[in-house]
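# Overview (structure and organization)
Here's the letter readout for the chains.
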Amino acid sequence: MNISEFDYELPEELTLENAINTLQELAQKGYFSMPEYYMPEDQVYDNDGNSRWQCTCYIRSYSLEETAYATSKKVAKKYAAYLCICNICGLKDQYADED
C-alpha cells in the first residue's frame, strides 16, 4: 500500500502527538489490523549507557513490526505508532536522530 490509497485519511501533518490515534482510526476503517503494542517492564540502555524505554508496535495484517526507543514510555509508544504509519505509507521519518 502506498500513501495515495488513503492519503485523505491522514492528518494534514503526521506527528508523534497524533500517530497513535491516526493508526487506530485507519485500523478501525479496515485498512489493516488493529495495532498491538509491546513494552518491556524494564528500561534498556543505549550504547552511551543512557536508559531508554522500548516499545514495539505490531500490525499483524502487514506482518509489520516497528520498535522505538525514547526517554519515556509514552513517547516510545507514540514513536512506534508513527514508524508503522511511515512504513505503511512510505513516508520519511521526520524524527530520525531525535528522541
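This text follows the structure it describes.
Summary of the structure given here. What you see is a predicted model, and the numbers here were worked out from it, not measured in a lab. (Residues numbered from 1 in each chain as written. Predicted model: local features only at pLDDT ≥ 70, side-chain atom pairs only at ≥ 80, totals over all residues. Heavy atoms only, no water.)

## Description of the packing of aromatic side chains
Overall, the coordinates contain four aromatic pairs when judged by the stated rule. Their ring planes at 85° and their centres at 6.5 Å tell us that Tyr-79 and Tyr-95 sit as a pair that is edge-to-face. You can see Tyr-79 sitting in helix H2 (residues 73–89) and its partner Tyr-95 sitting in the segment after H2, a full 16 residues away along the chain. As far as the burial class goes, Tyr-79 and Tyr-95 line up, both buried. Ring geometry for Tyr-82 against Tyr-95: centres 5.0 Å apart, planes inclined by 70°, an arrangement best described as edge-to-face. (Phe/Tyr/Trp six-rings, centres within 6.5 Å; stacked < 30°, edge-to-face > 60°. Helix = DSSP H or I, 4+ residues; strand = E, 2+ residues; numbered from the N terminus. Buried < 20%, exposed > 50% of the residue type's maximum accessible area, 1.4 Å probe, protein only.)

## Re the pairing of strand S4 (residues 64–70)
Side-chain alternation along S4 places Leu-64, Glu-66, Ala-68 and Ala-70 on a buried face and Glu-65, Thr-67 and Tyr-69 on a face that remains uncovered. In this structure, strand S3 (residues 51–59) lies alongside S4, joined through seven bridges in antiparallel fashion. When the bridges of S4 are listed, Tyr-58 appears paired with Glu-65. Remark: four residues form the turn of the hairpin made by S3 and S4, two consecutive strands paired antiparallel; Ser-63 in that turn has positive phi of roughly 50°. (Pairing = 2+ DSSP bridges.)

## Describing the pattern of salt bridges
Taken as a whole and judged by the stated rule, the model has four salt bridges. The partner of Arg-60 in a salt bridge is Glu-36, and the shortest N-O contact between them spans 2.5 Å. Of this pair, Arg-60 sits in the loop between S3 and S4 while Glu-36 is found in strand S1 (residues 36–38), placing the two residues 24 residues apart along the sequence. (Salt bridge = Lys/Arg side-chain N within 4 Å of Asp/Glu carboxyl O.)

## So, the nonpolar core
Among the nonpolar cores identified, the biggest contains 28 residues, and Leu-23, Phe-32, Ile-59, Tyr-79, Tyr-82 and Ile-85 are the most heavily contacted of them. Elements with a contribution of two residues or more to this core: helix H1 (16–28), S3, S4 and H2. Per element, the largest residue contribution to this core is eleven residues, and it comes from H2. Apart from the residues within four sequence positions on either side, Ile-59 is in contact with Leu-23, Phe-32, Ser-33, Pro-35, Leu-64, Cys-84 and Ile-88. (Core = buried A, V, L, I, M, F, W, Y, C linked by side-chain atoms within 4.5 Å. Contact = heavy atoms within 4.5 Å.)

## A closer look at the pairing of S3
Counting buried positions along S3 yields seven of nine residues, so the element is predominantly enclosed. Across three bridges, S1 lies against S3 in antiparallel orientation. Note on S3: the bridge partner recorded for Glu-36 is Tyr-58. As defined by bridge partners, strand S2 (residues 44–45) adjoins S3 across two bridges and the pair is classed as antiparallel. The residue of S3 that forms the bridge with Val-44 is Arg-52.

This is a description of form; function is not addressed.
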